[in-house]
There are 2 protein chains.
Amino acid sequence: MEKGKKTTRRMVTAYDVARVAGVSQSAVSRTFTPGASVSKATRQKVMDAAASLGYRPNFLARSLISQRSNLIGVVVPGMANPFYAQVLEQLAAAFEAQGYRVLLFSTASNEDSDPVLEEMLHYQLAAVILLSASLSSRFADECRQIGMPVLLVNRKSHSDAVSSVTTDNRVGGAKIAEFLIAGGHQRFAFLAGRESSSTSAEREQSFRNALLQHDITAIQREVGGYDFEAAAAATRRLLAGAERPDALFCANDLMALAALNVSRYEFDLQPGRDISIVGFDSLPISAWPVFDLTTYVQPVAEMVMQAVAIINAQLLDSEAPAIQCEIEGQLIVRGSARQPPGWK
Amino acid sequence: MEKGKKTTRRMVTAYDVARVAGVSQSAVSRTFTPGASVSKATRQKVMDAAASLGYRPNFLARSLISQRSNLIGVVVPGMANPFYAQVLEQLAAAFEAQGYRVLLFSTASNEDSDPVLEEMLHYQLAAVILLSASLSSRFADECRQIGMPVLLVNRKSHSDAVSSVTTDNRVGGAKIAEFLIAGGHQRFAFLAGRESSSTSAEREQSFRNALLQHDITAIQREVGGYDFEAAAAATRRLLAGAERPDALFCANDLMALAALNVSRYEFDLQPGRDISIVGFDSLPISAWPVFDLTTYVQPVAEMVMQAVAIINAQLLDSEAPAIQCEIEGQLIVRGSARQPPGWK
DNA sequence: GTGAAAGCGCTAACAC
DNA sequence: GTGTTAGCGCTTTCAC
């Protein structure tokens, strides 16, 4: 912050406007405060003066005095995965509609968001949203203490003092298992996301449990870390193995798309016929004819709605309890996995 | 545990730290100001007190008094196009590395960024970056007046008082034309982005010019508005027409991907054999085997580097002249377009 | 309804 | 090197 030539260009302040309008500075403030009491005449004078001077209230100063900012901090783990981009976009749109602004904190992919959280605490954020990232209990406590709502999206906390919005991962994992079993598959495999991710863990656990109901215990497993290249490599290992799986459940769509590419172009396996591949998320691009991916929908719009609702509730009452919101997803059957005869 | 206890949520200030450390408040300020002169002893006392109290400088207050914020406003036209997401991500990473933070302003796609610019002026932004959006000269003037650097990325201004970073669109358009001509194509088509976009216009114009050199003037044309669905519809019109093109240049990759899908799955045309499709951007996903798209690279990393360099220069000297930076792209030949024999 | 006055938390002269 | 002193631009009592 050493840089920057000092500009002598003083900005237009409420005082300047007051002087021109022939009113007090407070009158100017009131004019720009929705719901404050100003007479029609005063307001008009102020507006005219403001317009002529090109005045705009300084939101930073406003936040400082009013002790409340309209900045929402959002932590995203990069945007290589369209899912994150989509959630971020909708989150931003929803909050902007309410007069908030998103301050972006991109974390270098890894799950440890403590350093970035530390950074966030320097801005008087109205709230913090962590997308696909977890939160140390230390920070959870600290945020609660200063009355700053924190919300996990697409991830759950071990502590239920932290709010979260997720899809019903367990239902999804089970549904996919049943679908694959009904399709008559024999050799199952799971492609995991990051090991530390609650999301991947839930999907895997329920997948395994459902298979167990049918006495299927031998499940091959690789880790793709939610990354395209890593998932492609993992798929290669799986398909090159002795017991090539005929049913592959990937913890997210991006990895499923990688698996699709590898199967088709490196192993000459046609998804839906020679191998069944299922994802999780339902990215827009997964619906493209080239992929035609069977997947479990994470209803992004609904998740964002709930996220906004939870944040609003906490903002209204800082004593409000944390909420773990789990949203109903849906299995979308397309062509990348063999379809059981008569499947609804 | 005391529930419902009303916590007086005053934040920890430099004064509190000063009191505990037994020094003046300025000493605290200096401790947290890189390059300020504080003795080892004082600094230590301050750091200890700060740590014990959980003190963090308030960046908003700092910006207010120092008249310079570390907030960079970035306008993005949504993130459905991975190109935007990629640029945003790298931009954020680059600025964060310099101690800046990105304040996100997502505009509802359209090209008129005036309302959002208006919003931005309320925050004391260090600089503003417009991604694939244009700028009215009114705002360009206003921003210059208050000494706030503005930079267009992937778009050019008619005025050269506005800085911009773009790829050499004209070179790209011409190269693609030559490549397609060398491939022996007969019926050319161009799929435009938004009509108001300088980027699309430049690519089209140079494409046409290069074709003109070979006496090719009949060029079919549709508008895809940089949107996947719109581009798919446009492609349908093109392919259903009497004079079905055998060479299609799309103003960006996203639209080329749409064209690819439509060609292959709706018209049973194999790209690279029955029709040649070329894009512009070189998205990561365009390299996937399923698409194997021939395209012109926009070197995102380099563009971001230049963007940061330009902003830094303007920040250092607000009188610095605007810079129009044009970066050299590169034609990536892959399988979606027929390859001329012996093409280098 | 309106103005005066008191700060929000901080940096940056300025003396010492 | 350190403390003292002014404010940055604004909201918000509080009298009138």
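Residues numbered from 1 in each chain as written. Chains lettered and ligands numbered in written order. Predicted model: local features only at pLDDT ≥ 70, side-chain atom pairs only at ≥ 80, totals over all residues. Heavy atoms only, no water.

So, about the overall build of chain A. A tally of regular secondary structure across chain A gives 12 helices and 12 strands. Over its C-alpha trace chain A gives a radius of gyration of 26 Å, far above what one expects of a compact globule, namely 20 Å for 344 residues. When burial is assessed residue by residue, chain A has 54% of its 344 residues classed as buried. Sequence separation of at least 24 residues holds for 69% of the intrachain contacts in chain A that already meet a minimum separation of 6. Carbon together with sulfur atoms contributes 52% to the accessible area of chain A, which is approximately 14,400 Å² in total. When the 33 basic and 35 acidic side-chain charges of chain A are each reduced to a single mean position, those positions are 11 Å apart. (Helix = DSSP H or I, 4+ residues; strand = E, 2+ residues; numbered from the N terminus. Rg over C-alpha atoms; globule rule 2.2 N^0.38 Å. Buried < 20%, exposed > 50% of the residue type's maximum accessible area, 1.4 Å probe, protein only. Contact = heavy atoms within 4.5 Å. Areas by Shrake-Rupley, 256 points an atom, 1.4 Å probe, with all protein chains shown as cover. Lys, Arg positive; Asp, Glu negative; His and termini not counted. Charge placed at Lys NZ, Arg CZ, Asp CG, Glu CD.)

On to the pairing of strand 9 (residues 276-281) of chain B, then. All names here are of chain B. Among the six residues that make up strand 9, six are buried, leaving the element largely enclosed by the rest of the structure. Burial along strand 9 is two-sided: Ser276, Val278 and Phe280 facing one way and Ile277, Gly279 and Asp281 facing the other are all buried. The sheet contact formed by strand 8 (residues 247-250) and strand 9 spans three bridges and is parallel. Paired with Ala247 across the strands is Ser276, a residue of strand 9. (Pairing = 2+ DSSP bridges.)

Superposition of chain B onto chain A requires a rotation of 180° combined with a translation of 0.0 Å along the rotation axis, giving an RMSD of 0.0 Å. Expressed as an axis order, the relation between the two copies is that of a two-fold axis. Residue Leu103 of chain B of chain B places its C-alpha closer to the rotation axis than any other residue of that unit, at 2.3 Å. When you check the interface residues of chain B against chain A, 83% turn up at the interface there too, and the contact is symmetric in its surfaces. (Least-squares fit on C-alpha atoms with pLDDT ≥ 70 in both.)

What follows covers the protein's contact with DNA strand D. Surrounding DNA strand D, one finds 27 residues, the nearest of these being Ala14 and Gln25 of chain A together with Ser26, Arg30 and Thr42 of chain B. For DNA strand D, the fraction of atoms within 4 Å of the protein that belong to sugar or phosphate moieties is 56%. Ile65 of chain B places a polar main-chain atom, nitrogen or oxygen, 3.3 Å from a base oxygen of DNA strand D. Those elements that place two or more of their residues in the surface near DNA strand D are helix 2 (25-31) and helix 4 (59-66) of chain A together with helix 2 (25-31) and helix 4 (59-66) of chain B. It is helix 2 of chain A that provides the largest number of residues to the surface near DNA strand D, a total of four residues. For the surface near DNA strand D, the class distribution of residues is 11 nonpolar, 11 polar and five charged. (Near = heavy atom within 4 Å. Polar contact = N/O pair within 3.5 Å; in protein donor to acceptor, adjacent residues only side chain to side chain. Nonpolar A, V, L, I, M, F, W, Y, C, P; charged D, E, K, R; others polar.)

Glancing now at the packing of helix 8 (residues 169-182) of chain A against helix 9 (residues 198-212) of chain A. The relative placement of two packed helices comes down to the angle between their axes together with the axis-to-axis distance. All names here are of chain A. Where helix 8 contacts helix 9, the two axes come as close as 7 Å, and the packing angle between them is 40°. Put simply, helix 8 runs oblique to helix 9. Crossing geometry of helix 8 relative to helix 9 is assigned as right-handed. Taken together, the residues of helix 9 that come into contact with helix 8 (itself represented by Asn169, Arg170, Gly173, Ala174, Ile176, Ala177, Leu180 and Ile181) are Thr199, Glu202, Arg203, Gln205, Ser206, Phe207, Ala210 and Leu211. Looking at the contact of helix 8 with helix 9 residue by residue, the classes come out as eight nonpolar, five polar and three charged. (Axes fitted to C-alpha atoms, helices over the stretch in contact; angles between N-to-C directions. Parallel < 35°, antiparallel > 145°, perpendicular 65-115°, else oblique. Left-handed = near helix turned anticlockwise from the far one by under 90°.)

Along its sequence, chain A is organised into domain 1 (14-54), domain 2 (71-168 + 300-328) and domain 3 (169-298). Computed over C-alpha atoms, the centres of domain 1 of chain A and domain 2 of chain A are 37 Å apart. (Domains from an automatic or database assignment.)

What follows is about the protein's contact with DNA strand C. For DNA strand C, the set of nearby residues contains 26 residues, the closest of which are Arg30 and Thr42 of chain A together with Ala14, Ser29 and Arg62 of chain B. The sugar and phosphate moieties of DNA strand C supply 58% of its atoms located within 4 Å of the protein. Ser26 of chain A is positioned with one of its side-chain polar atoms (N or O) 3.1 Å from a base nitrogen of DNA strand C. Tyr55 of chain B places a side-chain nitrogen or oxygen 2.8 Å from a phosphate oxygen of DNA strand C. Elements with a contribution of two residues or more to the surface near DNA strand C: helix 2 and helix 4 of chain A together with helix 2 and helix 4 of chain B. Of all the elements, helix 2 of chain B adds the most residues to the surface near DNA strand C, at four residues. Per-class residue counts for the surface near DNA strand C are 11 nonpolar, 11 polar and four charged.

Turning our attention to the UniProt feature "domain: HTH lacI-type" (unreviewed entry) in chain A. Residues given the UniProt feature "domain: HTH lacI-type" (unreviewed entry) here are residues 12-66 of chain A. Split by type, residues 12-66 of chain A is 67% helix and 0% strand. Its first and last C-alpha atoms lie 20 Å apart. (UniProt positions renumbered as here; feature names shortened; annotations may be inferred.)

The subject of this paragraph is the sheet that holds strand 9 of chain B. Residue and element names in this part refer to chain B. Pairing is mixed in the open sheet, where six strands are placed in the order 7-6-8-9-10-12. For this open sheet the edge positions go to strand 7 (219-223) and strand 12 (330-332), each flanked by a neighbour on one side alone. Across the sheet, the mean angle from the axis of one strand to that of its neighbour is 20°, orientation sign disregarded. Bridge analysis of strand 9 against strand 10 (residues 294-297) gives four bridges, and the strand direction is parallel.

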